[in-house]
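Chains, contacts and geometry: an overview
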Amino acid sequence: MRERLEALCGEGLAAIAAAESRAQLAEIESSFLGRTGALTAQLKGLGKLEAAERPAIGKLANEIKQKLQQAFDAVGETLKQEELAADLASVGVDCSLPGPTVELGSVHPVMAIARELEDIFQSMGFVIWDGPELESEANNFDALNIPSDHPARESHDTIWMKSADEEPRRCLRTHTSPVQVRALREFGAPLRVIAPGRVFRQEAQDATHEHTFHQMEGLVVGKNIGVPHMLHAMNSMLEGVFKRKLETRLRPGFFPFVEPGFELDARCPFCKGGCKVCKGSTWIELMPGGLVHPNVLTAAGVDPNEYSGFAFGLGLSRMAMLRYGIHDIRYMCSGDLRFLKQFKA
Ligand SMILES: [Zn+2]
């Protein structure tokens, strides 16, 4: 019986090695290990052996069974891979080719600077608030103490909705300042809020003017808030962005929603004696700001006799241009990938 078993093992291994498909392999497996298979028949015959012979022959039979089973599994796996590759090749897929490259996007410079500023202002206790881009005339102008004869209301600045004759009139917001009013109405005083977002104006476009640009409005309202608080917040913000202290100065400026109003300039971070960015003056006009006009507080339901505050309008597009050395604002909305890909996330 030993010879018969060893002969079966040899036949089995040879048949397995010669198998050309998984179907063929399954047939061979059945003919050796199946219920009526040759090896199964031998195993069944073990009972008829002499008791002394049985353990050694039984052990050999099991070893052969295991050996054949392993060979079936190994060849089965190889045939499976081959058949899969053949299937894919028949439909024109080559698995050995590298996959398509997934290109990672980059963060837009305006978003990058906005996130940086949000972190800085949040560390100073500001909340971030948002408002609609389509705004009512009342919020965009009236509540901000911008009288109806103010030039900013003229159509060459403001993009009015087609239903301009209807009341109330609506426009694409020309600044993020209406969010001041919305936030004050929502939360009341005291309040520290920034509102980043898109604003729209009917501008002739050039290197520094674009119909769509980004601002970040800032507002602090509390008891006894004054100009020193504003300067401190602005200086901290600049130090956070440019990673060093920058000298700042205030010039008087007129904006209907603040009284007194200022233009805040910062010492040019790119030069010591004048450059293209500061047009040789060593100062960069950074943002308008000032103490919130009592009429604005009143319009938002806050008592100006109890509270005061400061507000500023930071040009995010302009900050991004300064931060990353971009010389033309029109790149910002161009969708030009050659420009955008320079700012990796
Ligand atoms: Zn300069």
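Each chain carries its own residue numbering, running from 1 in the direction its sequence is written. Given that the model is predicted, a residue must reach a pLDDT of at least 70 before its local features are reported, and side-chain atom pairs must reach 80 or more before they are shown or counted; all residues, however, enter totals for whole chains, interfaces and linings. Note: side-chain values were computed over all heavy atoms of the structure, leaving out hydrogens and water.

All right, on to the overall build of the protein chain then. Strands are runs of DSSP state E lasting at least 2 residues, helices are runs of H or I lasting at least 4, and numbering of each runs from the N terminus. Across its full length, the protein chain holds 11 helices and nine strands. What the globule rule says is 2.2 Å times the number of residues to the power 0.38, and the radius of gyration is computed from C-alpha atoms. In terms of overall dimensions, the protein chain is more spread out than a globule: its C-alpha atoms have a radius of gyration of 39 Å, far above the 20 Å expected for 345 residues. Expressed as lengths along the three principal axes of its C-alpha atoms, the size of the protein chain is roughly 115 × 50 × 45 Å. Exposure categories follow from relative accessible area, calculated using a 1.4 Å probe and restricted to protein chains: below 20% of the type maximum is buried, above 50% is exposed, and the middle band is partly exposed. Burial status across the protein chain gives 43% buried among its 345 residues. Calculation of accessible area relied on Shrake-Rupley with a 1.4 Å probe; when residues are assessed, cover is drawn exclusively from the protein chains displayed. Of the roughly 19100 Å² that the protein chain leaves accessible, carbon and sulfur atoms contribute 53%. Under this rule, positive means Lys or Arg and negative means Asp or Glu; His and the chain ends count for nothing. Every charge is mapped to an atom, namely NZ of Lys, CZ of Arg, CG of Asp or CD of Glu. The average position of the 38 basic charges and that of the 45 acidic charges among the side chains of the protein chain differ by 4 Å.

A few words on the domain arrangement of the protein chain. When the parts of a complex come together, some accessible area is lost, and that lost area is often used as the size of the interface. Domain boundaries assigned for the protein chain yield domain 1 (2-90) and domain 2 (109-340). Each of domain 1 and domain 2 has a C-alpha centre, and the two are 81 Å apart. Bear in mind that the domain bounds are from an automatic or database domain assignment.

This part covers helix H1 (residues 2-18). An expected span of 1.5 Å times one less than the residue number is assigned to each helix. End to end, H1 covers 25 Å across 17 residues, agreeing with the expected 24 Å (1.5 Å per residue, within 8%). Buried within H1 we find Leu 5, Leu 8, Cys 9, Gly 12 and Ile 16. Down the axis, H1 shows its buried residues gathered within 105° of arc, on one side only. Exposed and oriented more than 90 degrees from the buried face of H1 are Glu 3, Ala 17 and Ala 18. Only heavy atoms matter for contacts: two residues are in contact if any of them lie within 4.5 Å across the pair. Here the buried face of H1 lies against helix H2 (22-33), helix H3 (38-44) and helix H4 (54-90). It is the directions from the helix axis to the C-beta atoms whose arc is reported.

Turning our eyes to something else, we now look at the coordination of the zinc ion. Around the zinc ion, the protein supplies Cys 268 (SG), Cys 271 (SG), Cys 275 (SG) and Cys 278 (SG) as donor atoms, at distances of 2.2 to 2.3 Å. Here the zinc ion is ringed by four donor atoms whose angles at the metal span 106 to 114°, and the overall shape comes out tetrahedral. The donor definition counts N, O and S atoms within 2.8 Å of each metal and applies 3.2 Å to Na, K and Ca; water is not among these atoms, so some sites may look incomplete. Within one chain, the residues donating to the zinc ion are spaced in sequence as C-x2-C-x3-C-x2-C. Irregular is the default label, applied whenever a site is not tetrahedral (four donors, all angles between 85 and 135 degrees) and neither square planar nor octahedral (four or six donors, opposite donors over 155 degrees apart, all other angles between 65 and 115).

Nonpolar cores were defined as sets of buried Ala, Val, Leu, Ile, Met, Phe, Trp, Tyr and Cys residues, with membership established by side-chain atoms within 4.5 Å. Counting 46 residues, the largest nonpolar core has Leu 117, Phe 121, Met 234, Met 237 and Leu 286 as its most contacted members. The dominant element in this core, judged by the number of residues it contributes, is helix H8 (residues 227-242), at seven residues. Discounting chain neighbours no more than four positions away, the residues touching Met 237 are Leu 117, Ile 120, Phe 121, Met 124, Met 287, Leu 314 and Met 319. Phe 141, Ala 143, Leu 184 and Val 221 belong to the second-largest nonpolar core, a separate cluster that totals 23 residues.

In the sheet, strand E6 (residues 248-252) pairs with strand E7 (residues 258-267) via five bridges, with the strands oriented antiparallel. In the strand pairing of E7, Leu 250 is matched with Leu 264. Note: two strands are recorded as paired if DSSP finds a minimum of 2 bridges between them.

Here we come to the side chain of His 214. Residue position: His 214 is located in strand E5 (residues 212-222). Since its relative accessible area comes to 17%, His 214 is described here as buried. Those residues in contact with His 214, other than ones at most four positions away along the chain, are Val 110, Gly 197, Arg 198, Leu 314, Gly 315, Leu 316 and Ser 317.

Buried residues dominate strand E4 (residues 191-200), accounting for eight of its 10 residues. Direction of pairing for strand E1 (residues 127-128) relative to E4: parallel, over a ladder of two bridges. Across the sheet, residue Val 127 finds its bridge partner in E4, namely Val 193. Pairing geometry for E4 and E5, over 10 bridges, is antiparallel. Residue Gly 197 lies in a different strand from E5, and its bridge partner there is Gln 215.

This part takes up unusual backbone geometry. Ala 189 connects to Pro 190 through a cis peptide bond whose omega is -5°. On the secondary structure map, Pro 190 appears in the loop between helix H7 (178-187) and E4. Backbone geometry places Asn 224, a non-glycine residue, at a positive phi of 60°. Note that Asn 224 resides in the loop between E5 and H8. For Asn 224, a relative accessible area of 70% puts it in the exposed group. Unusually for a residue other than glycine, Thr 282 sits at a positive phi of about 65°. Its location among the elements puts Thr 282 in the loop between E7 and strand E8 (283-292).

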